[in-house]
Amino acid sequence: MQNSSRIVLGALSLAVVAGCVKPPAPLQPRPAAVNADSMAKLRADSIARADSLRAELERQRQRAADSLAALRDAEQRAATLEADAMKIVMATVYFDYDQSTLTDAARALVDAKVPVLKSHPALRILITGHTDDRGSTEYNMALGLRRAAEVRNYLMANGIDGSRIETNSMGEERPAVEGTGEAVWSKNRRAMFAPLSGVQ
Amino acid sequence: MRVNIPRLATTSAAAVSTCVATLSLAGAVLVAPTAARAQDSTGVRLNVSYALGSKPGVLVLPTDSVGPDSIRAIMQRDLDYDDRATVIALDNQAARALLPRHGKEFNFALYAKLGALLVVYPRATPSGLTISLYDVSRKKIIQTQTFSTPLEVNSPAWRLSIHGVSDQLGLWIFGSPGAASTRILYVLDGHIWLVDYDGANQRKLTSGMLDLSPAWHPSGSMFAYSGYSGRGTGSQIAIRNFETGETHWKNSSVRGLNITPTFSPDGRTIVYAHGVDANTDLVGANVNDDEASKRLTVGKSINTSPAFSPDGRQIAFMSGRAGHPEVYTMDADGSNAQLLTDFAFGESSYRASPDWSPDGRTIAYQSRIAGTFQIMAIDLRDRSTKQFTSEGENEDPSWAPDGRHLTFSSTRSGPRQLWVLDVTSGRLRQLTKQGGAKLPAWSPLLRRP
């Protein structure tokens, strides 16, 4: 769709340029014998011609501007749709303490990713699991991987090819929020998503 | 005969407080058979008597060395941190007056009056550092030996050599070396760091994206850790040689998570946790052969943090197979897995990070108690447990080769730091000052007496 829009835009630009380049016909000097009436008529005609050309030019300009605006608008809408789609795929999913099973809220977030992944078959993603900083640093590395795997398995169960999804873990080493307390910890127990390739 | 200093306080003082022990120089109690030397196997008897449970007074005479941290200061600190002797504290000038006149006339009466049972007489000689140990009550020399020391005073190698002399003193006095010639690997800001056991020579060794879980090779010449080599998306096991600085990435073609390495006591096998999909299992591999690896744990759960028994026959590890993390043991080939820490008294128990004591009798680990992690040890014969800490979050215990000291991370003073605990007396000291230090691994003796 983008390619054909570009061609339309190019054609319009050419038309606009052509209108600009063609100057109004210059007023030719006439023999001195011409009388005052005909001089006035000639002047009026040429002014009218110039006005009509100017008006035509203005109409063309306006049409081009309108098309351009419409095109930009369409592009904007498409980009927004694509960005929204990517936002859905990359939306972070959260977990309960020491758990890797998907909560209802998490499942709803992952469900929304499925149609987008299906409509973007070239898209490959990396899921990275994270934990809060309570518990064993070493066990948390494995728990982070388990969280990422849980999301991957759920996507696969919903028809997404597992070869499109890599998993990894940062354990408790890359908190989203520093500090202590459930408000902080709940933001750190998460699976994050990043594109590996195939982003449009 | 060896003076048996009880490992855990539960069995100590009461029964033996009035006993009198005889110190011995028998060499049979060395940690490693290779460390035995001719001079140590003669079994010379040292008839220094002192109440067991008390700490014999040791006076270290000054040397001619200069600088803020003299040989005497290092040796005194080593004896102090060793927790088996009482160092007779005298400033350098006062101690100078106690030097033997003409190099041989010792004022033993004065040493006794100061509370010294033993006197250490160090002096620089053309061939190195000569140390003599004197018995104050019998007014005679017990041992003397000359140690070669690196020329560059206060360099890490020089300090290590002085610590090695302190360990030799421990062997002479108590029948077993201390843990002075050791270093501790740990993690700070996602990189591997190294620090001498006394807090000196703190330095960063790696600079990867995320480096974790350092583990010493029993030779002390290399260490393993988990890191990101940049190939693939997962972490791999790296083996770094201290001398050459070279890093070998183990199984670098294997994807997924490869974490928590540990070496077998014979140094030939490396065991680590390999995570792929939802499960993380322990695998064993030949240190020098990337292909031959064997899965040791079965089931669908998380298994990490392996630690070998000193005889190499068993492995302690943590597993989530029961629904929450607990410590298990199994034979080194993966058979006979069994739960070590029972969870009868806590419904939401969480136990992790096992480390087997050098004498093979206990396993230290961390356990969640009333919401915070504390350092515990479990006796392998009767399964009795002992809690070593109660203040702040305390995690990742690692035994010193003397089997008497533990290092672990603690938040007791604010940000997570490394601390050292004498499990016999309960004495505690802070090892690191830079916040965030964790996952310590205590080295074997790096200078075998």
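Procedures and definitions
- Residues numbered from 1 in each chain as written.
- Chains lettered and ligands numbered in written order.
- Predicted model: local features only at pLDDT ≥ 70, side-chain atom pairs only at ≥ 80, totals over all residues.
- Heavy atoms only, no water.
- Helix = DSSP H or I, 4+ residues; strand = E, 2+ residues; numbered from the N terminus.
- Buried < 20%, exposed > 50% of the residue type's maximum accessible area, 1.4 Å probe, protein only.
- Contact = heavy atoms within 4.5 Å.
- Areas by Shrake-Rupley, 256 points an atom, 1.4 Å probe, with all protein chains shown as cover.
- Phe/Tyr/Trp six-rings, centres within 6.5 Å; stacked < 30°, edge-to-face > 60°.
- Lys NZ or Arg CZ within 6 Å of the ring centre and 35° of its normal.
- Pairing = 2+ DSSP bridges.
- 1 Å grid on protein atoms, 1.4 Å probe; cavity = no way out; pocket = protein on both sides within 12 Å on 5 of 7 lines; lining within 4 Å.
- Points joined across faces, edges and corners; volume = space filled by probe spheres on them.
- Nonpolar A, V, L, I, M, F, W, Y, C, P; charged D, E, K, R; others polar.
- Core = buried A, V, L, I, M, F, W, Y, C linked by side-chain atoms within 4.5 Å.
- Axes fitted to C-alpha atoms, helices over the stretch in contact; angles between N-to-C directions.
- Parallel < 35°, antiparallel > 145°, perpendicular 65-115°, else oblique.
- Left-handed = near helix turned anticlockwise from the far one by under 90°.
- Buried area = accessible area lost by both parts, 1.4 Å probe.
- Salt bridge = Lys/Arg side-chain N within 4 Å of Asp/Glu carboxyl O.

**So, the overall build of chain A**
Then, number 1: Per the secondary structure count, chain A includes five helices and four strands.
Then, number 2: Scanning chain A from its N terminus toward the C terminus, one meets helices and strands in the order α-α-β-α-β-α-β-α-β.
Then, number 3: Taken across its 200 residues, chain A has 36% of its residues classed as buried.
Then, number 4: For chain A, the proportion of contacts with a sequence separation of at least 24, taken over those separated by at least 6, is 77%.
Then, number 5: Carbon and sulfur atoms make up 59% of the accessible area of chain A, which totals about 11,300 Å².

**What to know about the packing of aromatic side chains**
Then, number 1: Across all of its chains, the model carries 13 aromatic pairs over all chains by this definition.
Then, number 2: Ring geometry for Y139 of chain A and Y350 of chain B: centres 5.9 Å apart, planes at 70°, overall edge-to-face. You can see Y139 of chain A sitting in helix α4 (residues 137-157) and its partner Y350 of chain B sitting in the loop between β22 (338-339) and β23 (351-356), one on each of two chains.
Then, number 3: Assessed through its relative accessible area of 6%, Y139 of chain A is described here as buried.
Then, number 4: We classify Y350 of chain B as buried; its relative accessible area is 1%.
Then, number 5: Taking 5.5 Å as the distance between ring centres and 85° as the angle between the ring planes, the aromatic pair formed by F106 of chain B and Y121 of chain B counts as edge-to-face. Of this pair, F106 of chain B sits in the loop between α3 (92-96) and α4 (108-113) while Y121 of chain B sits in strand β5 (residues 118-125), placing them 15 residues apart in sequence.
Then, number 6: Overall, F106 of chain B belongs to the buried group, its relative accessible area being 13%.
Then, number 7: Classification of Y121 of chain B as buried rests on a relative accessible area of 10%.
Then, number 8: Sitting above the plane of the Y328 of chain B ring, R321 of chain B keeps its charged end 5.0 Å from the centroid.

**Observations regarding the pairing of strand β8 (residues 183-188) of chain B**
Residue and element names in this part refer to chain B.
Then, number 1: Most of β8 sits inside the fold, with six of its six residues counted as buried.
Then, number 2: Burial along β8 is two-sided: R183, L185 and V187 and I184, Y186 and L188, pointing in opposite directions, are all buried.
Then, number 3: Relative to strand β9 (residues 191-196), β8 is paired through six bridges, and the arrangement is antiparallel. Paired with I184 across the bridge in β9 is V195.
Then, number 4: A loop of two residues connects β8 with β9, the two strands running antiparallel in sequence, and D189 in this loop sits at a positive phi of about 55°.
Then, number 5: When β8 meets strand β31 (residues 438-442), the two strands line up antiparallel, connected through three bridges.

**Some thoughts on the layout of surface pockets**
Then, number 1: In this structure, the second largest pocket encloses a volume near 690 Å³.
Then, number 2: If you go around the second largest pocket, you meet 30 residues; those closest to its centre are D133, E172 and E178 of chain A together with R416 and K438 of chain B.
Then, number 3: Mapped by element, the contributors of at least two residues to the lining of the second largest pocket are α5 (182-188) of chain A together with β8 of chain B.
Then, number 4: Per-element accounting of the lining of the second largest pocket gives the leading share, three residues, to α5 of chain A.
Then, number 5: Of the residues that constitute the lining of the second largest pocket, the class distribution is nine nonpolar, nine polar and twelve charged.

**Considerations on the nonpolar core**
Then, number 1: Counting 30 residues, the largest nonpolar core has M141 of chain A together with L185 and L282 of chain B as its most contacted members.
Then, number 2: With 23 residues, the next largest nonpolar core counts M86, I127, A148 and I160 of chain A among its residues.

**Quick look at the packing of helix α2 (residues 36-90) of chain A against helix α3 (residues 104-119) of chain A**
Residues and elements named next belong to chain A.
Then, number 1: Contact pair α2 / α3: the axes reach a minimum separation of 8 Å and the direction vectors enclose 130°. Relative to α3, the element α2 is oriented oblique. The interaxial crossing formed by α2 with α3 has left-handed handedness. In this structure, α2 uses A85, M86, I88, V89 and M90 to contact α3, whose residues at the interface are A112, K113, V116 and L117.

**Some remarks on the interface of chain A and chain B**
Then, number 1: Between chain A and chain B, the contact holds 25 residues from the first and 36 residues from the second.
Then, number 2: Summing both sides of the interface, chain A and chain B together bury roughly 2,500 Å²; the carbon and sulfur share of this comes to 54%.
Then, number 3: The largest share of the area that chain A buries against chain B comes from E138, Y139 and R146 of chain A, three residues that together contribute 28% of it.
Then, number 4: At the surface where chain A touches chain B, the tally comes to three salt bridges.
Then, number 5: The partner of E172 of chain A in a salt bridge is R416 of chain B, with the nearest N and O atoms 3.4 Å apart.
Then, number 6: Contributions of two or more residues to the side of chain A that touches chain B are made by α4 and β3 (165-171) of chain A.
Then, number 7: With twelve residues, the top contributor of residues to the side of chain A that touches chain B is α4 of chain A.
Then, number 8: Its residues assigned to classes, the side of chain A that touches chain B comprises nine nonpolar, eight polar and eight charged.

**Brief notes about the sheet that holds β8 of chain B**
Then, number 1: Taken in spatial order, the four strands make up an open sheet running β10-β9-β8-β31 (chain B), and their pairing is antiparallel. Only two strands of the sheet have a single neighbouring strand rather than two, namely β10 (203-204) and β31 of chain B.

**Focus: empty space enclosed by the protein**
All names here are of chain B.
Then, number 1: According to the stated counting rule, one finds three cavities of 30 Å³ or more in the structure shown.
Then, number 2: Counted as a void, the largest cavity has a volume near 110 Å³.
Then, number 3: Lining the largest cavity we find 15 residues, and of these D78, D82, G178, A179 and A180 sit closest to its centre.
Then, number 4: When contributions to the lining of the largest cavity are tallied by element, the ones reaching two or more residues are α2 (71-82) and α5 (156-174).
Then, number 5: Per element, the largest residue contribution to the lining of the largest cavity is four residues, and it comes from α2.
Then, number 6: When grouped by side-chain class, the residues that make up the lining of the largest cavity number six nonpolar, four polar and five charged.

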